[in-house]
Amino acid sequence: ADQLAGAEVAEGGFELLDTAPFGFDRLVGTVWLARHDSGTTVTLELSGLVPNSRYIAHVHAGTCAEAGGPHFRFDADGGTMPPNEIHLAFDGGTDGVGFMTTANEGRAESDARSVVVHSTVGTAPKLACADLG
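The rules we used
Residues numbered from 1 in each chain as written. Predicted model: local features only at pLDDT ≥ 70, side-chain atom pairs only at ≥ 80, totals over all residues. Heavy atoms only, no water. Helix = DSSP H or I, 4+ residues; strand = E, 2+ residues; numbered from the N terminus. Rg over C-alpha atoms; globule rule 2.2 N^0.38 Å. Buried < 20%, exposed > 50% of the residue type's maximum accessible area, 1.4 Å probe, protein only. Contact = heavy atoms within 4.5 Å. Areas by Shrake-Rupley, 256 points an atom, 1.4 Å probe, with all protein chains shown as cover. Lys, Arg positive; Asp, Glu negative; His and termini not counted. Charge placed at Lys NZ, Arg CZ, Asp CG, Glu CD. Disulfide = S-S within 2.5 Å.

Novice: It is not clear to me how the overall build of the protein chain should be interpreted in this structure. Could you clarify?
Specialist: A count of helices and strands for the protein chain gives zero helices and nine strands. Taken from N to C terminus, the helices and strands of the protein chain fall in the order β-β-β-β-β-β-β-β-β. For 133 residues, the compact-globule estimate of 2.2 N^0.38 gives 14 Å, and the C-alpha radius of gyration of the protein chain, at 14 Å, lies within 12% of that figure. Projected onto its principal axes, the C-alpha positions of the protein chain cover 40 × 30 × 25 Å. Buried positions account for 45% of the 133 residues belonging to the protein chain. Considering only contacts within the protein chain whose residues lie at least 6 apart along the sequence, 63% involve residues at least 24 apart. Split by element, the accessible area of the protein chain, about 6,800 Å² in all, is 51% carbon and sulfur. For the protein chain, the distance from the average position of its 7 positive side-chain charges to the average position of its 18 negative side-chain charges is 3 Å.

Listed below in structure tokens is the structure:
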């Protein structure tokens with residue numbers, strides 16, 4: 001997302017949330033959200049993940065101080081799946097590094113405030129959050 005010519009790019013660094021279980025204290029990363037004529041593109045990079053594990057991230061409407069608040073939706077009364085929400089599903093590789101890019105035809109404006117990463121194990125706790133600003 002940070003490489004798209006002519007895009008308005010918001011960048012944020014991930015911070016560990018209090019809800020992260022033991023074992024994620026080395027999690028770090030960056031997210032980029034690009035707003036452009038064709039919609040929205042989001043890219044994230046993380047390290048310090050549990051190797052060979054699945055993760056999901058969502059764009060949220062709240063800030064990290066609010067643990068992301070509710071999921072960002074293009075239509076507040078619409079569904080909870082893409083294309084009305086922006087989801088990024090990815091794996092922590094054998095080295096614990098994860099990378100994902102997704103694109104959406106909708107243009108997320110300033111009410112897309114953060115990106116939250118969840119583990120897909122157990123109760124899918126929130127692991128980390130990055131404010132977009």
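Novice: How should I be thinking about unusual backbone geometry in this particular structure?
Specialist: Leaving glycine aside, a negative phi is the common case for residues, and trans is the common case for peptide bonds. Look at the link from P82 to P83: it is a cis peptide, with omega at 15°. Along the chain, the position of P83 falls in the loop between β5 (53-60) and β6 (87-92). At N52, a residue that is not glycine, the phi angle is positive and equals roughly 60°. Of note, A67 is a non-glycine position whose phi angle comes to about 55°, a positive value.

Novice: I'm lost on the state of the cysteines in this one. Help?
Specialist: By definition, a disulfide links two cysteine residues through a covalent bond between their sulfur atoms. Enumeration over the complete set of coordinates arrives at one disulfide. Note on cysteine connectivity: C64 is disulfide-linked to C129, with sulfurs 2.1 Å apart. Between C64 and C129 the disulfide shows an S-S torsion of about -85°. By sign, it is left-handed. One end of the pair, C64, is in the loop between β5 and β6; the other, C129, is in strand β9 (residues 126-131), with 65 residues separating them in the sequence. Both residues of the pair, C64 and C129, count as buried.

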